Amino acid sequence: MTTASTNATSTEAATGSAASTGAVADPAAAVATPSATPEPRTPAGGIDERVRAALTLRSRPARPSALSACVTFGWRALLRIKHVPEQLFDVTAFPIMMTLMFSYLFGGALAGSTDEYIQFFLPGILVATVIMITMYTGVGLNTDITKGVFDRIRSLPVWRPAALVGMMLGDAVRYTVAAVLVICLGLAIGFRPDGGVVGVVLGVLLLLLFAFSLAWVWNILGLVMRTPNAVMGASMMVLFPLTFGSNIYVDPETMPGWLQAAVDVNPISHLVTAVRGLMHDTVTAGQLGWVFLWCAILVAVFAPITMRLYARR
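Residues numbered from 1 in each chain as written. Predicted model: local features only at pLDDT ≥ 70, side-chain atom pairs only at ≥ 80, totals over all residues. Heavy atoms only, no water.

Brief notes about the overall build of the chain
Step number 1: Counting its secondary structure elements, the chain contains 14 helices and zero strands.
Step number 2: Per-residue burial for the chain yields a buried fraction of 38% across its 313 residues.
Step number 3: Restricting the contact set of the chain to residue pairs at least 6 apart, pairs at least 24 apart contribute 79%.
Step number 4: Per element, the accessible surface of the chain, about 17,400 Å² overall, is 67% carbon and sulfur. (Helix = DSSP H or I, 4+ residues; strand = E, 2+ residues; numbered from the N terminus. Buried < 20%, exposed > 50% of the residue type's maximum accessible area, 1.4 Å probe, protein only. Contact = heavy atoms within 4.5 Å. Areas by Shrake-Rupley, 256 points an atom, 1.4 Å probe, with all protein chains shown as cover.)

Below is the structure:
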């Protein structure tokens, strides 16, 4: 009885409210209609059917080519500079500081005059500048790993080495910026290459080829080490002996016999000799052959190891 009387009271209240607002007084409708606004009806077929049709009937996009994927990842590497312009410090301030410091502080003592020393020194400091910043390829890869981006990239349906190759191609732009800056600064303080523009351009291209090959070494460090700082520290331990134990800063003939023997087999020394020869129009086929041989060895040895680690991680 109590429930029935309650329902009746609710019906009368709803009927009175409808009548006062001018609506149709239908007790049954007032009881059946919920208080919330009803959701609109789904069109015929339903939204699930439309989604299913789009997924099944539309053709899949073509798989990107290896070149396209490499260019895309290279562009991604350049966008990092856009969002973090501090990354340009190593390709701007560092080469300027090194070039000016060695030219004016040590040039007179090492070669008798700054003008004479800059002719010998600038191709070498150009090589040192670019080689030193190749380690940031491994640092960038390790940063992606620590942030979780690495796993997302590996899941993409693209050519597997594209992420690594694209990253190195993007870094090649950084190397080019550093090289142009060093050459312009050298020309401003008295560098005069006998090989002309062609010799300078060929020297830079040879340097970029070697830098690309050497970057595979730092990719391995980026894959096996835990933090970006560890990658940078290990890279510096390798690069400092290679660059300072070479013919970049002084002529090896002034060194002790045992040190001169080590410098003569240093790949950086072979690279500096070839770049110096191209810029001053004194290069020989043998000098170029040594550089190409070192590039082939670096890629043949370290690229497969990098890809194996990349696939297993």
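Still more to cover.
Some thoughts on empty space enclosed by the protein
Step number 1: Tallied over the full model, the rule gives one cavity of 30 Å³ or more.
Step number 2: In this structure, the largest cavity encloses a volume near 90 Å³.
Step number 3: Around the largest cavity, the lining residues are F73, R76, A77, L141, D144, F150, I153, A163, L164, M167 and Y310.
Step number 4: Those elements that provide at least two residues to the lining of the largest cavity are α4 (66–83), α7 (136–147), α8 (149–154) and α9 (162–188).
Step number 5: Across the lining of the largest cavity, the residue classes tally to nine nonpolar, no polar and two charged. (1 Å grid on protein atoms, 1.4 Å probe; cavity = no way out; pocket = protein on both sides within 12 Å on 5 of 7 lines; lining within 4 Å. Points joined across faces, edges and corners; volume = space filled by probe spheres on them. Nonpolar A, V, L, I, M, F, W, Y, C, P; charged D, E, K, R; others polar.)

Details of the environment of I268
Step number 1: Along the chain, I268 turns up in helix α13 (residues 267–280).
Step number 2: Note: C-alpha distance between I268 and L239 (29 residues apart in sequence) is 9.7 Å.
Step number 3: Setting aside its immediate chain neighbours within four residues, I268 contacts V127, I131, F210, L242, S246, N247 and I248.

Structural notes on the packing of aromatic side chains
Step number 1: All told, the structure shown has nine aromatic pairs when counted by the stated rule.
Step number 2: With a centroid separation of 6.5 Å and an interplanar angle of 40°, the aromatic rings of Y117 and F120 are classed as tilted. Placement of the pair is Y117 and F120 together in helix α6 (residues 114–133), with a separation of three residues, close to one helical turn.
Step number 3: Y117 sits in the buried class, given a relative accessible area of 2%.
Step number 4: A residue is classified by how much of its surface remains accessible, and F120, at 25% relative accessible area, is partly exposed. (Phe/Tyr/Trp six-rings, centres within 6.5 Å; stacked < 30°, edge-to-face > 60°.)

Observations regarding the environment of A296
Step number 1: Mapped onto the elements, A296 comes out in helix α14 (residues 285–312).
Step number 2: Of the residues examined, A296 reaches a relative accessible area of 43% and is grouped as partly exposed.
Step number 3: Taking C-alpha positions, A296 is 7.7 Å from S213, a pair spaced 83 residues apart along the chain.

Quick word on a nonpolar patch on the surface
Step number 1: Where nonpolar side chains cluster on the molecular surface, the patch consists of V197, V198, V201, L202 and L205 and spans about 470 Å² of accessible area.
Step number 2: Within the secondary structure, V198 sits in helix α10 (residues 196–224). (Patch = residues over 30% accessible without salt bridge, like charges linked within 9 Å, V, L, I, M, F, W, Y side chains within 5 Å. Salt bridge = Lys/Arg side-chain N within 4 Å of Asp/Glu carboxyl O.)

Re the environment of W75
Step number 1: With respect to the helices, strands and loops of the structure, W75 is situated in helix α4.
Step number 2: Between the C-alpha atom of W75 and that of G166, which follows or precedes it by 91 residues, the distance is 7.8 Å.

Digging into the packing of α10 against helix α11 (residues 228–244)
Angle between the axes and distance between the axes are the two parameters that describe a pair of packed helices.
Step number 1: Following both chains from N to C, one finds α10 and α11 inclined at 140°, their axes separated by 9 Å at the closest point. Judged by the angle between their axes, α10 and α11 are oblique. Every pair of crossing elements has a handedness; the one defined by α10 and α11 is right-handed. Together, L214, W218, L221 and G222 of α10 and V231, A234, S235, V238 and L239 of α11 make up the contact between the two elements.
Step number 2: Looking at the contact of α10 with α11 residue by residue, the classes come out as seven nonpolar, two polar and no charged. (Axes fitted to C-alpha atoms, helices over the stretch in contact; angles between N-to-C directions. Parallel < 35°, antiparallel > 145°, perpendicular 65-115°, else oblique. Left-handed = near helix turned anticlockwise from the far one by under 90°.)

Overview of the confidence of the model for the chain
Any segment with low pLDDT has predicted coordinates that should not be analysed in fine detail.
Step number 1: Summarising the model, the chain shows a mean pLDDT of 81, and 80% of its residues fall at 70 or more.
Step number 2: When pLDDT is averaged over each element of the chain, α13 comes out on top at 96 and helix α1 (residues 2–21) at the bottom at 43.
Step number 3: Counted against residues more than four places away or in other chains, residues 1–36, with its pLDDT under 50, gives eight contacts.
Step number 4: With pLDDT under 50 throughout, residues 40–45 is counted as low confidence; its partners more than four residues away or in other chains account for two contacts. (pLDDT = per-residue confidence, 0-100.)

Some details on the packing of α6 against α9
Step number 1: Running from N to C, α6 and α9 cross one another at 155°; their axes reach a closest spacing of 10 Å. With respect to α9, the axis of α6 lies roughly antiparallel. The handedness of the crossing between α6 and α9 comes out as right-handed. On the side of α6, the interface is formed by L122, I125, L126, T129, V130 and I133, while α9 contributes R174, Y175, A178, A179, V182, I183 and G186.
Step number 2: Looking at the contact of α6 with α9 residue by residue, the classes come out as ten nonpolar, two polar and one charged.

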